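Fold and geometry: a report
Here is what each chain is made of, one letter per residue.
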Amino acid sequence: MNSKPVVLLFLVFFLMFPNSVIAMETTEIGSISGEGATQIQNALDASGIPSAQMALIIDDSLIWARGYGDQPSLNTVFRIGSITKTFVAAAFVKLNESGMINLDDDVSDYLPFEVRNPNDPAKVITIRMILEHKAGMEVYYQFNQPWISSEMLQLLDTLNYTPAIPVPDWNGVRLPLSDIINSTNINDLDLWLPSTGGYSYSNTGYFFLSFLLEHITNNTWSDYINETVLSPLGMNSTRFNVTEYEQPVASPHLELDNGTLVTLPVYRDYGYGAGGMMTTVTDLSKFIIAIMNGGMYGGTQVFHPNSVSLMKQYLHQHGSMLGYDAQFSTLYDERGSLGVILFDNWREGNSAFIWSALVAEGDRLLDGDVTTTTTTETATTTSTISTTTETPPTTPGTNLSDFMLVGVAAGGIVVVIALLLVIRSRP
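Residues numbered from 1 in each chain as written. Predicted model: local features only at pLDDT ≥ 70, side-chain atom pairs only at ≥ 80, totals over all residues. Heavy atoms only, no water.

**Here's the deal with the packing of helix 10 (residues 203–217) against helix 11 (residues 221–233)**
The condition is simple: Orientation is described by lines fitted to C-alpha atoms, with helices fitted over the stretch in contact, and by angles between N-to-C directions that extend from 0 to 180 degrees. Only DSSP runs of H or I with at least four residues qualify as helices, and only runs of E with at least two residues qualify as strands; both kinds are numbered from the N terminus onward. For classification, angles of less than 35 degrees are called roughly parallel, those exceeding 145 degrees roughly antiparallel, those between 65 and 115 degrees roughly perpendicular, and all remaining angles oblique. Two residues form a contact once any of their heavy atoms are found within 4.5 Å. Any residue outside Ala, Val, Leu, Ile, Met, Phe, Trp, Tyr, Cys, Pro, Asp, Glu, Lys and Arg is labelled polar, Gly included; the first ten of those are nonpolar and the last four are charged.
Taken N-terminus to C-terminus, the directions of helix 10 and helix 11 make an angle of 75 degrees; their axes are 8 Å apart at the nearest point. As the angle between them shows, helix 10 and helix 11 are arranged roughly perpendicular. Here helix 10 contributes Ser210, Leu213, Glu214 and Thr217 to the contact with helix 11, which in turn contributes Trp221, Tyr224 and Ile225. Among the residues making up the contact of helix 10 with helix 11, the classes are represented as 4 nonpolar, 2 polar and 1 charged.

**Focus: unusual backbone geometry**
We apply this condition: Only protein chains enter the accessibility calculation, which uses a 1.4 Å probe; a residue is then buried when its area is under 20% of its type maximum, exposed when over 50%, and partly exposed in between.
If you check the backbone angles, histidine 133 has positive phi at about 60 degrees while not being a glycine. Within the element layout of this structure, histidine 133 appears in the loop between helix 5 (127–131) and helix 6 (141–144). Among the residues examined, histidine 133 registers a relative accessible area of 8% and is labelled buried. Here the phi dihedral of asparagine 218 falls at roughly 55 degrees; this positive angle occurs in a residue that is not glycine. Structurally, asparagine 218 is set in the loop between helix 10 and helix 11. The class of asparagine 218 is exposed, set by a relative accessible area of 74%.

**A word on the environment of proline 163**
Structurally, proline 163 is set in the loop between helix 7 (150–158) and helix 8 (177–180). For proline 163, a relative accessible area of 13% puts it in the buried group. Proline 163 sits 159 residues away from leucine 322 along the chain, and the two C-alpha atoms are 7.5 Å apart. Once residues within four sequence positions are removed from consideration, proline 163 is found in contact with Trp147 and Leu156.

**Some thoughts on the packing of helix 4 (residues 84–98) against helix 10**
In plain terms, the rule: Handedness of a crossing is defined here by the sense of rotation of the near helix relative to the far one, left-handed for an anticlockwise turn of less than a right angle and right-handed for a clockwise turn.
Packing of helix 4 against helix 10 brings their axes to within 11 Å, and their N-to-C directions diverge by 35 degrees. Considering the relative orientation of helix 4 and helix 10, their crossing is left-handed. Taking contact as the criterion, the partners of Lys85, Val88, Ala89, Ala91, Phe92 and Leu95 in helix 4 are, on helix 10, Asn203, Tyr206, Leu209, Leu212, Leu213, Ile216 and Thr217.

**As for helix 11**
Within an α-helix, residues lying three or four positions from one another point in the same direction, as the helix has 3.6 residues per turn. Stated formally: In this scheme, a helix's expected span is set at 1.5 Å multiplied by one less than its residue total.
With 13 residues, helix 11 extends 18 Å from end C-alpha to end C-alpha; this agrees with the ideal 18 Å at 1.5 Å per step. Inspection of helix 11 places Trp221, Ser222, Tyr224, Ile225, Thr228, Val229, Leu230 and Leu233 among the buried residues, and these make up the whole buried set. Following helix 11 by one or two positions, glycine 234 has its phi on the positive side, about 70 degrees.

**With respect to the pairing of strand 11 (residues 317–321)**
To be explicit about the condition: Pairing between two strands requires that DSSP report at least two bridges joining them.
Residues Gln317, Gly319 and Met321 of strand 11 are buried on one face, while the alternating residues His318 and Ser320, pointing to the opposite face, are not. As defined by bridge partners, strand 11 adjoins strand 12 (residues 324–333) across 5 bridges and the pair is classed as antiparallel. Residue pairing for strand 12: methionine 321 is matched across the bridge by tyrosine 324.

**Overview of the pairing of strand 13 (residues 336–344)**
In terms of residue burial, strand 13 counts as a mostly covered element, since 9 of its 9 residues are buried. Examined bridge by bridge, strand 3 (residues 51–58) and strand 13 share 7 bridges and lie antiparallel to one another. Bridging from a neighbouring strand, leucine 56 pairs with valine 340 of strand 13. Once strand 12 ends, the chain turns through 2 residues before running back antiparallel as strand 13.

**What to know about helix 14 (residues 352–367)**
The end-to-end C-alpha distance of helix 14 is 23 Å, a good match for the 22 Å that 16 residues give at a rise of 1.5 Å each. All of the buried residues in helix 14 are Ile354, Trp355, Ala357, Leu358, Glu361, Gly362, Leu365 and Leu366. Summarising the contacts, the buried residues of helix 14 are in contact with strand 2 (32–33), helix 3 (34–47), strand 3, strand 4 (61–69), strand 12 and strand 13. Of the residues one or two after helix 14, glycine 368 is the one with positive phi, at around 85 degrees.

**Some thoughts on the side chain of serine 307**
Looking at the secondary structure, you find serine 307 in helix 13 (residues 305–312). Residue serine 307 is classed as buried on the basis of its relative accessible area of 7%. Ignoring sequence-local partners within four residues, the contact set of serine 307 consists of Val93 and Glu97.

So far we have only geometry, and geometry alone does not tell us how the molecule works.
This is the structure:
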């Protein structure tokens, strides 16, 4: 057998993609202080969380990101639950920028039926009111529709576990949004609070906004978000359907009534705009950087500067799904802007001390002149934090630029081996 074609293909692959193969195993970018690293690690150890991702952002820079636990690669995708709502809000801000809508218009103006709280019919309901959870929509469990796969529902039943959010029995066939939401559903008294205008957190409102987005744009809600927000930001690891991923997805975990921690299979979610997104901390950091910097990311004006103040109110969000927990927030003061992200694959509540340690370290970094320490299997170094680049210099192999050099070096070794094989295989 002539091995030349195979070897040459092998050679071409590594010449073209030496870094992408290696980069999939990146577990840390940048660095933090030794004190912060210790506090975060201690809090993580005490939590019992199997896997987590964390990130700290200052102004226009991803200062630090790290993966921990059983699935430490920063390429690992986590479900982010209600953080999805932030991107639905961003989509409506983009529509507002384009002039297709006005956020303060009566939402009924964009629909073939009227939307009113039957308990308070005189009050107009605007798009902004729904975005801000002030429409009076009750927690209706997404119009009584299943939000996880039928297979997962069967497994939970076998484990004698009842989800906090009810999941109706179903045959595995998911209705289109247009069939789920109609005038009959909207006028259901069970959907509405006694009055409209007060704050009441509503998954139903954002489920409804998914439908509204599709109706206005004549596109799927996820495709519109991808085209107008995710793609311009280069958020290539952010999806709405788990079956589209080739990269690893964090395994969800569940604690049974007897205290046993069970690893669940990765499941399909049908939360739509209320909680259907998956991403990584490095991807989400791009969105946060854009909003913290006048709508600009990587030379691209993703949001109009006039929209930034509006978007900032959506930059504080917690998300919880079956087997996942996620949160992010931003802080602004005279020292600068700070973004904090934490994903994990267990449950809400176990991450409180980790979050506190993350915020404390971010506060120290905002103060500046923090000596940072990064430890690897081969070396320990210290450096002074820099907030001028997206990935500050640290120990070789721990930030993106150094990791690319490692990839080139590894690719070079493979190239040499491949060339030797080609020479040896000559007749």
